[in-house]
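What follows is the residue order along each chain.
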Amino acid sequence: MSNTLDNIKQQIAENPVLLYMKGDPRGPKCGFSSQTVQAVMACERPFAYVDILENPDVRAELPLFANWPTFPQLWVNGELVGGCDIVVEMYQNGELKALIHDTVPAQD
Ligand SMILES: N[C@@H](CCC(=O)N[C@@H](CS)C(=O)NCC(=O)O)C(=O)O
Ligand code: FES
């Protein structure tokens, strides 16, 4: 039997850059998720995502595990970076690109 918390932990462990969002990168279903995925995409590295609208169990349990009440949530290297406000600010000041580029080397 699959356990939601175990699934969440596995997603976070297996994906160095992971965005929990509403909708998907090509069709975000909330402005907060849209702004956040734009910032992540602008860092030009592959990333994973989970659409929490399609995964209501994750929507219910991740905020408790993360101790963060809302979506989107960006996780990098197994740690919560933050939501829309933090991610957009980090994009604007260059920290997001630096973090993601340190985490995911360029492909050639
Ligand atoms: N200030 C927040 C905005 C995000 C937010 O307020 N999200 C709400 C509305 S999309 C949310 O996730 N509510 C709980 C839910 O929908 O499960 C941030 O920086 O991420
Ligand atoms: S879905 Fe309404 S604010 Fe995000």
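Quick summary incoming for the structure in this document. Here, residues in each chain are numbered from 1, in the same order as that chain's written sequence. Chains and ligands are labelled sequentially in the order written, the chains with letters from A and the ligands with numbers from 1. Restriction of local features to residues with pLDDT of at least 70 applies here, the model being predicted, together with a cutoff of 80 or more for giving and counting side-chain atom pairs; totals for whole chains, interfaces and linings are based on all residues. With hydrogens and water set aside, each side-chain value is computed from the structure's full complement of heavy atoms.

Another point: the side chain of Asp51. Of note, Asp51 is situated in strand β4 (residues 48-51). One buried charged residue, Asp51, forms no salt bridge at all, with the nearest opposite charge on Lys29 at 4.9 Å. Apart from residues lying up to four places away in sequence, Asp51 is in contact with Met21, Lys22, Gly23 and Asp24. Comment: elements are numbered from the N terminus, with helices defined as DSSP H or I runs of at least four residues and strands as E runs of at least two. Exposure classes here rest on a 1.4 Å probe applied to the protein chains alone. A residue is buried below 20% of its type maximum, exposed above 50%, and partly exposed in between. Positive residues here are Lys and Arg, negative ones are Asp and Glu, while His and the chain termini are left out of the count. In what follows, salt bridge is the name for a side-chain nitrogen of Lys or Arg lying within 4 Å of a carboxyl oxygen of Asp or Glu. Note on contacts: a residue pair is in contact if any heavy atoms of the two residues lie within 4.5 Å.

With that out of the way, let us pick up the site of ligand 1. The rule for a residue being near a molecule or strand is that one of its heavy atoms must lie within 4 Å of it. All residues adjacent to ligand 1 are Lys22, Cys30, Phe32, Arg59, Thr70, Phe71, Gly83, Cys84 and Asp85. Under this definition, polar contacts are N or O atom pairs within 3.5 Å; protein pairs additionally need one hydrogen-donor-capable and one acceptor-capable atom, and for neighbouring residues in sequence, both atoms have to be side-chain atoms. The side chain of Arg59 places a nitrogen or oxygen atom 2.8 Å from an oxygen atom of ligand 1. At 2.7 Å, a backbone N or O of Cys84 approaches an oxygen atom of ligand 1. Taking 500 Å² as the accessible area of ligand 1 by itself, protein coverage stands at 71%. Its residues assigned to classes, the shell around ligand 1 shows four nonpolar, two polar and three charged. Here the accessible surface of atoms and residues is derived via Shrake-Rupley with a 1.4 Å probe, and residues count as covered only by protein chains that are part of the display. Side-chain classes are defined by residue name, with Ala, Val, Leu, Ile, Met, Phe, Trp, Tyr, Cys and Pro counting as nonpolar, Asp, Glu, Lys and Arg as charged, and the others, Gly among them, as polar.

A pair of Phe, Tyr and Trp rings is counted when the ring centres sit within 6.5 Å of each other, with Trp represented by its six-membered ring. The angle between the planes then sorts it: under 30 degrees is stacked, over 60 is edge-to-face, the rest tilted. Taken as a whole and assessed by the stated rule, the structure comprises one aromatic pair. For the pair Phe65 and Trp75, a centre-to-centre distance of 6.2 Å together with 15 degrees between the ring planes defines the contact as stacked. Note that Phe65 is positioned in helix α3 (residues 56-66) and Trp75 in strand β5 (residues 73-76), a separation of ten residues in sequence.

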